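Results of the structural survey
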Amino acid sequence: MNIQRPSTERDYAPIADHGLIGNLRTAALVSLDGSIESYCVPNFDSPSIFARILDKNKGGHFSITPTVPFSTRQNYLPSSNVLQTKFLNEKGVVSVTDFLPRQENGKSTHPLLFWLIRRVEVVRGTVPLRVECAPAFNYARDPHATQIVPDDTIPLQFSKQNKVVFTSRPAASPYLASGASPQSTSHSPLTLDLRFLPESLLDNVPVPEVSLETLDLSAKGHLGLAAQTELTLVEGQRVTFVLRIAPEHKGDGGSSHSVDEEKAELLGVDYQKLMVGAQKMRSKDDPVMTSELLDHLFLSTNNYWNSWIRKSTYQGSWKEAVHRSALALKLLIYEPTGAIVASPTFSLPEYIGTTAYMDFIFERLKNKNPDGSLQIMYTIHGGKDLEEIELLHLDGHKGSKPVRIGNGAADHVQLDIYGELMDCIYLGQKFGRPLSYDTWVLVRELVDFVVANYKKPDLSIWSGSPGQERHFTYSKIMLWVAIDRGLRLADKRSLPCPHRLQWLAARDDLYEEIMHKAWNKDIRVFGQSYEETDVLDSSVLIMPLVFFMTPNLVYRYDVNKSDDGVGGEEGTFCLCTLWCVEALTRAGEYERPLLQRAVAMFEDFLLYLNHVGLCSEEISESGEALGNAVQGFTHVTLISAAYNLSRTLANQRSV
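Residues numbered from 1 in each chain as written. Predicted model: local features only at pLDDT ≥ 70, side-chain atom pairs only at ≥ 80, totals over all residues. Heavy atoms only, no water.

The name that an unreviewed UniProt entry assigns to the protein chain is Glycoside hydrolase family 15 protein, with the source organism given as Suillus subaureus.

Moving on to the overall build of the protein chain. Counting secondary structure elements, the protein chain contains 14 helices and 24 strands. For the protein chain, the residues scored as buried account for 57% of the 655 residues in total. Here the protein chain displays about 29000 Å² of accessible surface, and carbon together with sulfur accounts for 52% of that area. (Helix = DSSP H or I, 4+ residues; strand = E, 2+ residues; numbered from the N terminus. Buried < 20%, exposed > 50% of the residue type's maximum accessible area, 1.4 Å probe, protein only. Areas by Shrake-Rupley, 256 points an atom, 1.4 Å probe, with all protein chains shown as cover.)

Core analysis: the biggest nonpolar cluster contains 83 residues, and Phe 62, Leu 194 and Phe 241 have the highest contact counts within it. Among the elements that make up this core, the one with the highest residue count is strand 9 (residues 115-134) (nine residues). The residues contacting Leu 194, other than those within four sequence positions of it, are Phe 62, Cys 133, Lys 163, Val 164, Phe 166, Leu 212, Ala 227, Phe 241, Val 242 and Leu 243. Leu 415, Val 443, Leu 446 and Trp 503 belong to the second largest nonpolar core, which has 53 residues in total. (Core = buried A, V, L, I, M, F, W, Y, C linked by side-chain atoms within 4.5 Å. Contact = heavy atoms within 4.5 Å.)

Moving on: the pattern of salt bridges. Applying the stated criterion to the full structure yields 30 salt bridges. Note that Arg 25 and Glu 335 form a salt bridge whose closest N and O atoms lie 2.7 Å from each other. One end of the pair, Arg 25, is in the loop between strand 1 (18-22) and strand 2 (27-31); the other, Glu 335, is in the loop between strand 16 (333-334) and strand 17 (339-340), with 310 residues separating them in the sequence. Look at Glu 335 and you get partly exposed, because its relative accessible area is 33%. Across the salt bridge formed by Glu 532 and Arg 470, the nearest N and O atoms sit 2.6 Å from each other. Taken together, the residues span a long stretch of sequence, with Glu 532 in the loop between strand 21 (525-526) and helix 11 (542-545) and Arg 470 in the loop between helix 8 (437-453) and helix 9 (473-492) at a distance of 62 residues. (Salt bridge = Lys/Arg side-chain N within 4 Å of Asp/Glu carboxyl O.)

With 15 residues, helix 13 (residues 592-606) should reach 21 Å at 1.5 Å per residue; the first-to-last C-alpha distance of 22 Å fits that figure. Every buried residue of helix 13 is accounted for by Leu 594, Leu 595, Ala 598, Val 599, Met 601, Phe 602, Phe 605 and Leu 606. Next to the buried residues of helix 13 lie helix 5 (319-331), helix 12 (574-588) and helix 14 (632-654). (Expected span 1.5 Å × (residues − 1).)

Most of strand 24 (residues 625-629) is tucked away, with five of its five residues classed as buried. The sheet contact formed by strand 23 (residues 616-619) and strand 24 spans three bridges and is antiparallel. When the bridges of strand 24 are listed, Glu 618 appears paired with Leu 626. Hairpin connection from strand 23 to strand 24: five residues lie between these consecutive antiparallel strands, with Gly 623 at a positive phi of about 95°. (Pairing = 2+ DSSP bridges.)

This part is about the sheet that holds strand 22 (residues 572-573). With antiparallel pairing, three strands are arranged side by side in an open sheet as 22-23-24. Pairing within the sheet leaves two strands with one partner each, and these edge strands are strand 22 and strand 24.

With respect to the helices, strands and loops of the structure, Glu 582 is situated in helix 12. Taking the relative accessible area as the measure of exposure, Glu 582 reaches 4% and is therefore buried. One polar contact links Glu 582 to Ser 640, side chain to side chain, over a distance of 2.6 Å. Once residues within four sequence positions are removed from consideration, Glu 582 is found in contact with Leu 545, Thr 637, Ser 640, Ala 641 and Asn 644. (Polar contact = N/O pair within 3.5 Å; in protein donor to acceptor, adjacent residues only side chain to side chain.)

Now for the state of the cysteines. A covalent bond between the sulfur atoms of two cysteines is referred to as a disulfide. Under the counting rule described, the total for this entry stands at zero disulfides. Cys 576 takes part in no disulfide bond, and the closest cysteine sulfur to it belongs to Cys 574, at a distance of 9.2 Å. (Disulfide = S-S within 2.5 Å.)

Okay, the confidence of the model for the protein chain next. For residues with low pLDDT, the predicted coordinates do not support detailed interpretation. Summing up the model confidence of the protein chain, the mean pLDDT is 85 and the portion of residues at 70 or higher is 84%. Counted against residues more than four places away or in other chains, residues 350-357, with its pLDDT under 50, gives 24 contacts. Residue range residues 553-560 is modelled with pLDDT below 50. Its contacts to residues more than four positions away, or to other chains, number 36 contacts. (pLDDT = per-residue confidence, 0-100.)

Right, let's talk about the packing of aromatic side chains for a bit. Tallied over the full model, the rule gives 14 aromatic pairs. Ring geometry for Tyr 304 versus Trp 305: centroids 5.0 Å apart, planes at 75°, classification edge-to-face. On the basis of relative accessibility, which here comes to 8%, the residue Tyr 304 falls in the buried class. Aromatic ring contacts, followed pair by pair, group Tyr 39, Phe 50 and Phe 62 into a single cluster. Across from the ring centre of Tyr 304, 4.6 Å away, lies the NZ or CZ of Arg 102, which sits over that ring. Its end group placed over the ring of Phe 62, Arg 118 keeps NZ or CZ at 5.1 Å from the ring centre. (Phe/Tyr/Trp six-rings, centres within 6.5 Å; stacked < 30°, edge-to-face > 60°. Lys NZ or Arg CZ within 6 Å of the ring centre and 35° of its normal.)

Let's shift gears to the environment of Ile 483. Relative to the elements of secondary structure, Ile 483 occurs in helix 9. For the pair Ile 483 and Val 450, spaced 33 residues apart in the sequence, the C-alpha separation amounts to 7.3 Å. For Ile 483, the contacting residues outside a window of four places in its chain are Val 447, Val 450, Val 451, Trp 503, Ala 506 and Arg 507.

Packed helix pairs are specified by the crossing angle of their axes together with the interaxial distance, meaning the distance between the axes. Between helix 9 and helix 10 (residues 500-517), the least distance of the axes is 10 Å, while the angle of their chain directions is 150°. Viewed along their axes, helix 9 and helix 10 adopt a mutual orientation that is roughly antiparallel. Between helix 9 and helix 10 the crossing geometry is left-handed. Within the contact between the two elements, helix 9 uses Thr 473, Lys 476, Ile 477, Leu 479, Trp 480, Ile 483, Asp 484, Gly 486, Leu 487, Ala 490 and Asp 491 and helix 10 uses Arg 500, Trp 503, Leu 504, Ala 506, Arg 507, Leu 510, Tyr 511, Glu 513 and Ile 514. (Axes fitted to C-alpha atoms, helices over the stretch in contact; angles between N-to-C directions. Parallel < 35°, antiparallel > 145°, perpendicular 65-115°, else oblique. Left-handed = near helix turned anticlockwise from the far one by under 90°.)

So, about the packing of helix 8 against helix 10. Interaxial distance between helix 8 and helix 10 falls to 10 Å at its minimum, and their mutual angle equals 45°. With respect to their mutual orientation, helix 8 and helix 10 come out oblique. Relative to helix 10, helix 8 is oriented so that their crossing is left-handed. Two secondary-structure elements touch here, helix 8 through Trp 440, Arg 444, Val 447, Asp 448 and Val 451 and helix 10 through Gln 502, Trp 503 and Ala 506. Residue composition of the contact of helix 8 with helix 10, by class: five nonpolar, one polar and two charged. (Nonpolar A, V, L, I, M, F, W, Y, C, P; charged D, E, K, R; others polar.)

Counting buried positions over the five residues of strand 2 gives five, a clear majority of the element. Bridge analysis of strand 1 against strand 2 gives five bridges, and the strand direction is antiparallel. When the bridges of strand 2 are listed, Leu 20 appears paired with Leu 29. The antiparallel hairpin formed by strand 1 and strand 2 contains four residues in its connecting segment, where Leu 24 sits at a positive phi of about 70°. As judged from the three bridges shared by strand 2 and strand 3 (residues 35-40), these two strands associate in the antiparallel manner. Residue Leu 29 lies in a different strand from strand 3, and its bridge partner there is Ser 38. Two successive antiparallel strands, strand 2 and strand 3, enclose a turn made up of three residues, where Gly 34 displays a positive phi of approximately 85°.

Quick look at the structure:
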């Protein structure tokens, strides 16, 4: 058993040692030792308030950790994205339950509460704990003010309780551009408040006493005071901490509906009755924080995830891994637009389709660039501005610099996106609602653009640096897919296709071109590009997966021969390994030994999932998770690999 010993000098937690919680607006990483390591509010693309995973000293954190040696266990509740972390010590066991609330049916008349809820409960014995809430606003660039003020959002019996209010001060940031005025900041001040609710769950156990104090972490680079408290809880005691964006009328710690005993006496009204009346007048996004409300939020959130995953009809092998991947993918959806984020984290080192998502795609088709092209990525709101900025003041995970936000590759030419998009549209209409005529016209224009541009070089899926454009095999395959799916849509739905002959000619020409120019006759492989057929690239494993041709742990390409503009040694891309599993599966339909190899490779890959079944972007040679934590592309490909492998195995058993 790995015993952890508390220390004031905490090092970085490994990338794999995290679970993820979310509410379809944003998400938070929770480490094995009970620290919120990454959290942007209120949305995925908002500036972070906690980013300890990128700077252990000043990135910001919200930690709940024993002050005595402990071992730890972390798991999701069954069929849920509610995360539970247990701390075990010879004298006691404490559980921390973390979640971001969701309404059970998604259609409640009450607004979604943007609360981060951390419920601490002693299961056995007694455990001393230290709680630290140290926000670092705007990627640790903005200073903040910290106040301890009376809390008027708690039940009557706790009317003298305090809360902590953190208010950012962007105009005072030491990282303002040279010569910039404080008024030039692009964002407004943000106010958070930290509240708590102590409870006794047993009649003979007193309610725990909690007192929040300020904590000065300026020596570590923090730009404002943190909050702290030390607790010694016993079995039957529970404390729930809630961090939220303070409602607008709460910015100064006061309330338009606050009352006190002096005011009640002046009005000639019983104080308790006045409190009840004032609480009923509260805004729906600022309810009184009662035990009943917190229990309701926990149950409704857990029921939301339970009911969502129960809609799955998957009955194949590796069901647990498939469902966990589906739940992870659901956490990456931005509900207001249907956009799916690639990963909820950013700048970690590298050494399907819902109706709302299809709506997001079709909105992008309506807003093409003037030349008819599409941008390779968009913001979760559909915008095109993803300016890349280096945050040089952050140390980076384990010293991996620079830390970047935004994405400088957003305006790169990657022609493979048209095949991925058209395949998605094709599958969406095949298993979902049919295309309308207006949408078909947009799709048709997209295929016309592909036909006019398929001869051009690009930077392809791995997004090298501008100036390194080549005729990449993967891009050519996906351009073929774009035209092929357009033709299939026209034929299967009998849709008008005035340029059908041009499409057919382009598709056939592209196929012949790939077979002649990408094939290396000497080593009998398809190379990475027409220019370098001696460079192997696992992205060509996509060929049998997209039905380009019948099928006859992987590095995505040789970084010593092919630069992607990022530099450094890379690990094994999880995505590529899963592509290999699927390619072996397709080949295994004809050669059974290859099917057994696919099974072995897939089960070996599952061993590299973390303790709660989540995938990172890459795996190092030593088995350490690298790159972005909880990578969407990896999880969707895991589901695809499991589905096809399970189906092929079942078909062979029935023969």
